[in-house]
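# Tertiary structure, described
Letter by letter, the chains look like this.
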Amino acid sequence: MQRISSVCIAVLIATGTSLPTGAAPITTNTALPVAKGEYVFREQVIFNQSGDDPSGANRDHHVAVSASVLGYGVTPDLALFGVMPVAYKKLKLNPPGGARVTRKDSGLGDIRAFARYTAYKKNMPGKTFRIAPFAGVELPTGSNTGTDALGRLPPSVQLGSGSWDPFGGVIVTYQTLDFEIDLQAGYQANTKADGFESGDVARLDGSLQYRLWPAKLADDTSAFIYGVGELNLIHQEKNRANGIANPNSGGTTLWGLVGLQYVTARRIIEAGVQLPLMQDLNGTALERDYIVRGSVRLNF
Amino acid sequence: MRTVCKYLLHLTVLAILFAGNIQAWAASVHSFKVDGLACPFCSYGVEKQLKAIPGVSGIKISIKTSTVTVTMKDGTKLTRAQADRAVKDAGFTMRNFR
C-alpha cells in the first residue's frame, strides 16, 4: 500500500496553489507585488483523478481539495503567504485475494507558510521584470495517522505527511500589457515522520498568459481576459519506509495546463484543465489522469 | 456705445478669471505615470495606497497609458513625496508628477 504514497505527494505538489498576487499563473507562482500593508486572498478548488494502474490492483484515486491562500505585504518587496488545504481523498482498489475496497478520509491537510522577497525589479512603462526567491515550510497540520475499519490508511489517503518539510525556490516574472511570463524553479525536502519519508520533490514551472480580450486597450479598460498555458515538470524521489526505498514510488511527470482568467481590479476568476503530457514513473506507481482547477482571487 | 462694449469686455474677462479661480478652489487634480503597472489586479494596490492619503477624493487609473489621476478635496493638495511613497509601497515606480 505504501507504494501508492507517491500519488499523495503528487497531489500535494500539483495542488501547490499559486500566489494570489497580480494576474498570476494558475498552478505556479508569480513575482508580482502585494502592496505594503495589504491582503490578497485566493480560494482554489482542485479535482485530481488518477486511475491508470499498472499494478493490477485496479486502483482509482480521487482527491478534491479546497485551498485557501492568504497573502500579506509586509513591505513592497516582502510578502508572507499561508496556504490552508482542506481535502477529501478516496482510494478504491482490489487487494490481493479480496473484494474491492474503498479507503477515504477528509479534513485539514498540511498548511504551507512561506515568505517571498523581490530581490530584483525593473519597472518600465507598461511592463515589469522581477526576480523573487521564496522559502517556507509545510507544517504537519494534517493527520498522518488516520484509520478506517481496515486499519491504518495508506499514505495516499492520509491528509498530511506528519513531517516538517522545508521548501524554497525562485520565481522570475515578466509582465507587459499584452502578456505575462512566469518561470519558477523549486525544491521541497521532505522529512521523516513515523518511519515514513516521502521523496524530495524538484519542479520547474513555466506559464504564459496572453490577453485575449480586449484586443485593443482603451483608456477606460478595467478588465482583461487572459488565455493561460502552463507546463509543470515535477520530479519526485522514491519514498522511504523505515529507511528502505520503495521502488514503486516517485518518478517524473510533465503536466500541461490550458485555462482562462477574467481579471479585474478587485478579483480574478479562473479555471483550467491540467493533463499529464509525459509520465516516467518508477515501478507500478499509479499514473495520473487529469486535474481540474477553478479559483477566485480577491484584493481587499 | 464704445464704453458699454469696453465694460462688457471687462466683465467677460473678470468672469473667465473668476470661473478659473472657483475651479482651482474647488479641487486640485494631479496626474502621474506609474511604471511597472500592466494589469488591472495590480492597479488596486496603487489605488488603495493613494486612498490612504488624507484629502484624496477620487482616483482614476488608465492601465493603457499607466496614468493615474488623483482628485483632492477642497483645500488639500497631493505632494510629489506622498504620491511617490504610495506608488513605491504598491511595488511600482512613479514619474512625471504634475
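Just so we're clear, the structure is a prediction, and the values are computed from it rather than from any experiment. (Residues numbered from 1 in each chain as written. Chains lettered and ligands numbered in written order. Predicted model: local features only at pLDDT ≥ 70, side-chain atom pairs only at ≥ 80, totals over all residues.)

### Describing the overall build of chain A
The test is simple: We count a stretch as a helix when DSSP gives it H or I for four or more residues in a row; a strand needs E for two or more, and each element gets its number in order from the N terminus. Values of the radius of gyration come from C-alpha atoms, whereas the globule rule sets the reference at 2.2 Å times the count of residues to the power 0.38. As a rule, residues whose C-beta atom has 12 or fewer other C-beta atoms within 10 Å are exposed, those with 20 or more are buried, and those in between are partly exposed; C-beta atoms are placed from the backbone. Residue pairs are scored as contacts if the distance between their C-beta atoms, which are placed from the backbone, is within 7 Å.
When its secondary structure is counted, chain A shows one helix and 20 strands. The C-alpha atoms of chain A give a radius of gyration of 19 Å, which matches the 19 Å a tight globule of 300 residues would have. The C-alpha extent of chain A, read off along each of the three principal axes, is 70 × 35 × 30 Å. The 300 residues of chain A split such that 48% are buried. Restricting to contacts in chain A with at least 6 residues of sequence separation, those with at least 24 account for 63%.

### Overview of the overall build of chain B
Helix and strand content of chain B: three helices and four strands. Start at the N end of chain B and walk to the C end: the helices and strands fall as α-β-α-β-β-α-β. Buried residues in chain B amount to 35% of all 98 residues. Excluding contacts between residues fewer than 6 apart, the proportion of contacts in chain B whose partners are at least 24 apart in sequence is 60%.

### Structural notes on the confidence of the model for chain A
Applicable threshold: A score from 0 to 100, pLDDT tells how confident the predictor is in each residue.
Across chain A, the average pLDDT comes to 93, with 92% of residues at or above 70. Segment residues 1-15 of chain A is flagged for pLDDT under 50; beyond a separation of four residues in sequence, or across chains, it makes 52 contacts in the model.

### Description of the sheet that holds strand β16 (residues 240-241) of chain A
All names here are of chain A. Put simply, the rule reads: Two strands qualify as a pair provided that DSSP identifies no fewer than 2 bridges between them.
Taken in spatial order, the four strands make up an open sheet running β12-β13-β16-β17, and their pairing is antiparallel. Strand pairing shows two members of the sheet lacking a second neighbour, β12 (192-193) and β17 (244-245), which therefore form its edges. As judged from the two bridges shared by β16 and β17, these two strands associate in the antiparallel manner. Across the sheet, the residue bridging to Arg 240 is Ala 245, located in β17.

### Comments concerning the interface of chain B and chain A
The interface is formed by 25 residues belonging to chain B together with 30 residues belonging to chain A. Listing elements by their share of the side of chain B that touches chain A, those giving two or more residues are β1 (29-35), α2 (40-51) and α3 (80-89) of chain B.

### Digging into the pairing of β1(B)
Residues and elements named next belong to chain B. Summarising the sheet, β1 and strand β3 (residues 67-72) pair through five bridges and their orientation is antiparallel. When the bridges of β3 are listed, Val 29 appears paired with Thr 71. Where β1 and strand β4 (residues 93-95) come together, three bridges link them in antiparallel fashion. When the sheet's bridge partners are listed, Lys 33 is paired in β4 with Arg 95.

### Notes on α2(B)
Note that an α-helix has 3.6 residues per turn; residues three or four places apart therefore point the same way. Residues and elements named next belong to chain B. We count it as follows: Multiply 1.5 Å by the residue count of a helix minus one, and that product is the helix's expected span.
Relative to the 16 Å expected for 12 residues at 1.5 Å per residue, α2 spans 17 Å between its end C-alpha atoms, a close match to the ideal helical length. In terms of burial, α2 is a largely internal element, 11 of the 12 residues being buried. Along α2, the residues that are buried comprise Pro 40, Phe 41, Cys 42, Ser 43, Tyr 44, Gly 45, Val 46, Glu 47, Lys 48, Gln 49 and Leu 50.

### So, the environment of A:Phe179
Residues and elements named next belong to chain A. When you line up the elements, Phe 179 lands in strand β11 (residues 179-188). Separated by 58 residues in the primary sequence, Phe 179 and Lys 121 have C-alpha atoms spaced 17 Å apart. Residue contacts for Phe 179: discarding those within four places in its chain leaves Leu 208, Gln 209, Tyr 210 and Arg 211.

### Observations concerning the sheet that holds β1(B)
Residue and element names in this part refer to chain B. Applied cut-off: The axes used here are C-alpha line fits, helices contributing only the stretch in contact, and every angle between their N-to-C directions lies in the interval 0 to 180 degrees.
Pairing within the open sheet is antiparallel, and its four strands lie in the order β2-β3-β1-β4. Looking at strand neighbours, the two that pair on one side only are β2 (56-62) and β4, the edges of this open sheet. Adjacent strand axes in the sheet meet at a mean angle of 30 degrees when their direction is disregarded. Packed onto the sheet, α3 meets β1 and β4 and runs at close to 150 degrees relative to β4.

### Structural notes on the nonpolar core
For the record, the criterion: Any set of buried Ala, Val, Leu, Ile, Met, Phe, Trp, Tyr and Cys residues joined through C-beta atoms within 7 Å is what this text calls a nonpolar core.
In terms of nonpolar packing, the biggest core is built from 50 residues, with B:Val34, B:Leu37, B:Val46 and B:Val87 touching the most fellow members. The element contributing the most residues to this core is α2(B), with five residues.

### Structural notes on the environment of A:Leu260
Residue and element names in this part refer to chain A. Residue position: Leu 260 is located in strand β18 (residues 251-264). Considered as a pair, Leu 260 and Val 228 are 32 residues apart in the sequence and their alpha carbons are 5.6 Å apart. When residues no more than four places from it in sequence are discounted, the contact partners of Leu 260 are Ile 225, Gly 227, Val 228, Glu 270 and Ala 271.

### Here's the deal with the environment of A:Gly169
All names here are of chain A. Relative to the assigned elements, Gly 169 resides in strand β10 (residues 165-176). Judged by the 22 C-beta atoms lying within 10 Å of it, Gly 169 is buried. Spatially, the C-alpha atom of Gly 169 lies 14 Å from that of Asp 200, the residues being 31 residues apart in sequence. With near-sequence residues (within four places) excluded, Gly 169 lies in contact with Phe 134, Gln 184, Ala 185, Gly 186 and Tyr 187.

### So, the pairing of strand β5 (residues 112-117) of chain A
Residue and element names in this part refer to chain A. The alternating pattern of β5 places Arg 112, Phe 114 and Arg 116 on a buried face, while none of Ala 113, Ala 115 and Tyr 117, on the opposite face, is buried. Bridge count between β5 and strand β7 (residues 127-138): five bridges; the pairing is antiparallel. For Ala 115, the partnering residue across the bridge sits in β7 and is Ala 135.

### Points about the confidence of the model for chain B
Residues and elements named next belong to chain B. For chain B, the mean per-residue pLDDT works out to 85, and 73% of the residues sit at or above 70. Note on residues 17-24: pLDDT is under 50 here. Beyond four places in sequence and across chains, it has zero contacts. Here the complex is predicted with pTM 0.88, and the ipTM for its interfaces comes to 0.89.

### Here's the deal with α3(B)
Residues and elements named next belong to chain B. Note the threshold: Working note: the arc is built from the helix axis to C-beta atom directions.
Listed in full, the buried residues belonging to α3 are Gln 82, Ala 83, Ala 86, Val 87 and Asp 89. Taken end-on, α3 shows its buried residues confined to a sector of 165 degrees, consistent with a single buried face. Those residues of α3 that are exposed and aimed more than 90 degrees away from the buried face are Arg 80 and Ala 81. The first or second residue beyond α3 is Gly 91, which carries a positive phi of 100 degrees.

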